[in-house]
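Each chain, letter by letter, is given below.
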Amino acid sequence: MNNFAPSNNRNLKMKEFTQMTMKDIAAHFGTSVATVSRALKDSPRISEQRRKEIQEFAREHNFCPNTIAESLRNSKVMQPKIIGVIIPEFVHYYFSSVLSGIEERASRQGYRVMVAQSNEKYDREVQICQSFYENKVCGIIVSQAKDTSDYAHFIRLLESGVPLVFYDRICTGVDASRVVVDDYKGAYTAVEYLIETGCKRIAFFGSPMTLEISKNRYNGYKDALLRHGFTVEQDLNRFCDNRSDAEVVAPELLSMENRPDAFFAVNDDTAIGIMYAAKRMGLKVPEDVSVCGFTNGQRAIACDPMLTTVEQRGRKVGEEAADILINKVEGMIPKDKVERRIVKTRLVVRGTTRERI
């Protein structure tokens, strides 16, 4: 009964995944919704044969009863306005700051927030979408999981009339509204600053290139190097986007005969892992090696020295995403109109980089 289960056929028609209602079942059998409801609850008031017919039809057509909606129908309480939010991982400061922005804007407009964590897993993300759909959320705000490459579950939501807004990690294969930071310019500015401080061999630690933010930050890194007359050395690039991996991978580069004199990392945690790996090897930061991150979370000022980083302004991203979704729900923005908003970044210079020459 999982309408949003992973599909091996991406070309299936969207109507095959549309959730059936009791009204649809009632129309098929030429009976009332109340009769269908009783049959599905195995009420003895309905004949055994009719019960079996209705129950079998419901199973064959992936009918999933909406218990929340049913309880609301049977009460005199106004249906709550709920926004579903999918976060890849709560451990990241950036995602928690985005959530703060969403909750603040939603609360101000009389909406509540239902939050779920995908744990960077595609299957879990699909299950959450299904659950949100069944529970009749007003709309969904989502940052996709790292290993998501099949976007059918997002397309099914849109086809079912559920407003969808992406933030941070967007699906280029889905024509939906999105709020992102200026990843390209933020990376470009950071790497240009490293060059202006005298760095000549700048390594890049990033996420898989299946993510749009990874492509944009890598392109900003690459273009800054090329604009200033440097070549892009592929042996200085690594897929590495967390602290534990960075503490393993960074020493490999720092042990090179012609080692890098600077690192630009896709996030602060990775940058901090690089910094502590360098210090354990007896290198001084920033005298021997400069390090720059991307987020500007609490950890950036808790390390020694404090981290130079690109500020993402997660709270602002959350506010903008909630604003788009609520305006779609309330008809201020047409559901089929795609809104694209970009939040500006800024470079915050601290102790892990040298001063400009």
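Shown above is the structure to which this text applies.
Focus: the overall build of the chain
Then, in step 1: What the chain contains, in helices and strands, is 12 helices and 12 strands.
Then, in step 2: Expressed as a percentage of its 357 residues, the buried residues of the chain come to 51%.

Describing the nonpolar core
Then, in step 1: If you look at the biggest cluster of nonpolar residues, it comprises 40 residues, and the most contacted ones within it are Ile-83, Ile-141, Val-191, Ile-202, Tyr-221, Phe-264 and Val-317.
Then, in step 2: Of all hydrophobic cores here, the second largest spans 24 residues; its members include Ala-203, Ala-250, Ala-265 and Val-289.

Observations regarding the pattern of salt bridges
Then, in step 1: Applying the stated criterion across every chain yields a total of 23 salt bridges.
Then, in step 2: Of the charged contacts, one joins Arg-217 and Asp-183 as a salt bridge, the two residues approaching to 2.8 Å between their closest N and O atoms. Residue Arg-217 is found in helix H9 (residues 212-227), and its partner Asp-183 is found in helix H8 (residues 183-196); the two are separated by 34 residues along the sequence. The pair formed by Arg-217 and Asp-183 is uniform in burial state, with each residue classed as buried.
Then, in step 3: Overlapping salt bridges, with partners in common, bring together Arg-105, Lys-316, Glu-319, Glu-320, Asp-323, Lys-337, Glu-339 and Arg-341 in one network.

Here's the deal with the sheet that holds strand S2 (residues 112-117)
Then, in step 1: What the six strands build is an open sheet, ordered S2-S1-S3-S4-S5-S11; its pairing is parallel. The open sheet is flanked by S2 and strand S11 (340-343), the only strands paired with a single partner. Averaged over all pairs of adjacent strands, the angle between their axes in this sheet comes to 15°, without regard to strand direction.
Then, in step 2: In terms of strand pairing, strand S5 (residues 177-181) meets S11 through four bridges, oriented parallel. Within the sheet, the bridge partner assigned to Val-181 lies in S11 and is Val-343.
Then, in step 3: Along the sheet, helix H7 (residues 152-159) makes contact with strand S3 (139-142) and strand S4 (164-167), crossing S4 at roughly 140°.

Structural notes on the pairing of strand S8 (residues 262-265)
The two faces of a sheet get side chains in turn, since along a regular strand they alternate between them.
Then, in step 1: Here S8 shows no split at all, with Ala-262 and Phe-264 on one side and Phe-263 and Ala-265 on the other all buried.
Then, in step 2: Sheet analysis places strand S6 (residues 202-206) next to S8, joined by four bridges and oriented parallel. Looking across to S8, one finds that Ala-203 is bridged to Phe-263.
Then, in step 3: As paired strands, S8 and strand S9 (residues 290-295) are joined by three bridges and run parallel to one another. Paired with Ala-262 across the bridge in S9 is Ser-290.
Then, in step 4: Each parallel crossover has a hand, and the one from S8 via helix H11 (residues 268-280) to S9 is right-handed.

Structural notes on unusual backbone geometry
Then, in step 1: The residue after Val-285, namely Pro-286, is reached through a cis peptide bond having omega 15°.
Then, in step 2: Its place among the elements puts Pro-286 in the loop between H11 and S9.
Then, in step 3: Here the bond from Asp-304 into Pro-305 is cis, since omega is 0°, no more than 30 degrees from zero.
Then, in step 4: In this structure, Pro-305 sits in the loop between S9 and strand S10 (308-311).
Then, in step 5: Phi is positive for Asn-296, close to 70°, though the residue is something other than glycine.
Then, in step 6: Topologically, Asn-296 is positioned in the loop between S9 and S10.

What to know about helix H5 (residues 93-108)
Then, in step 1: Taking 1.5 Å per residue as the helical rise, H5 with its 16 residues ought to reach 22 Å, and the 23 Å between its terminal C-alpha atoms agrees with that figure.
Then, in step 2: Along H5, the residues classified as buried are Tyr-94, Phe-95, Ser-97, Val-98, Leu-99, Gly-101, Ile-102, Arg-105 and Ala-106.
Then, in step 3: Of the residues trailing H5, Gly-110 is marked for its positive phi of about 85°.

Here's the deal with the pairing of strand S1 (residues 82-87)
Then, in step 1: Extensive coverage of S1 is indicated by the burial of six of its six residues.
Then, in step 2: Residues Ile-82, Gly-84 and Ile-86 line one face of S1 and the alternating positions Ile-83, Val-85 and Ile-87 line the opposite face, and both faces are buried.
Then, in step 3: In this view, the connection linking S1 to its parallel neighbour S2 by way of H5 has right-handed handedness.
Then, in step 4: Of the strand pairs in this sheet, S1 and S3 are connected by four bridges, and their pairing is parallel. Considered in S3, the bridge of Ile-86 is made with Val-142.

Quick notes on the packing of helix H1 (residues 22-29) against helix H3 (residues 48-60)
Then, in step 1: H3 packs onto H1 with a crossing angle of 125° between their chain directions and a minimal axis gap of 11 Å. Viewed along their axes, H1 and H3 adopt a mutual orientation that is oblique. The element H1 and its partner H3 pack so that their crossing is right-handed. Residues Ile-25, His-28 and Phe-29 of H1 touch H3, and the partners they reach there are Arg-50, Glu-53, Ile-54, Phe-57 and Ala-58.

Looking at the packing of H1 against helix H2 (residues 33-40)
Then, in step 1: It is the contact of H1 with H2, at a shortest axis distance of 8 Å, that shows an interaxial angle of 105°. For the element pair H1 / H2, the angle class is roughly perpendicular. In this structure, H1 uses Met-22, Lys-23, Ile-25 and Ala-26 to contact H2, whose residues at the interface are Val-33, Val-36, Ser-37 and Leu-40.
Then, in step 2: Partitioned by chemical class, the residues of the contact of H1 with H2 number six nonpolar, one polar and one charged.

Details of the side chain of Gln-144
Then, in step 1: Topologically, Gln-144 is positioned in the loop between S3 and H7.
Then, in step 2: Relative accessible area serves as the criterion here: at 1%, Gln-144 is assigned to the buried category.
Then, in step 3: Engagement of the side chain of Gln-144 in a polar contact is seen with the backbone oxygen of Thr-148, the distance being 3.3 Å.
Then, in step 4: What Gln-144 contacts, discounting residues up to four positions off in sequence, is Pro-88, Glu-120, Glu-125, Tyr-151, Phe-154, Arg-169, Ile-170, Cys-171 and Leu-211.

Each value, and the rule that gives it
- Residues numbered from 1 in each chain as written.
- Predicted model: local features only at pLDDT ≥ 70, side-chain atom pairs only at ≥ 80, totals over all residues.
- Heavy atoms only, no water.
- Helix = DSSP H or I, 4+ residues; strand = E, 2+ residues; numbered from the N terminus.
- Buried < 20%, exposed > 50% of the residue type's maximum accessible area, 1.4 Å probe, protein only.
- Core = buried A, V, L, I, M, F, W, Y, C linked by side-chain atoms within 4.5 Å.
- Salt bridge = Lys/Arg side-chain N within 4 Å of Asp/Glu carboxyl O.
- Pairing = 2+ DSSP bridges.
- Axes fitted to C-alpha atoms, helices over the stretch in contact; angles between N-to-C directions.
- Contact = heavy atoms within 4.5 Å.
- Right-handed = clockwise from strand over helix to strand, strands pointing away.
- Expected span 1.5 Å × (residues − 1).
- Parallel < 35°, antiparallel > 145°, perpendicular 65-115°, else oblique.
- Left-handed = near helix turned anticlockwise from the far one by under 90°.
- Nonpolar A, V, L, I, M, F, W, Y, C, P; charged D, E, K, R; others polar.
- Polar contact = N/O pair within 3.5 Å; in protein donor to acceptor, adjacent residues only side chain to side chain.

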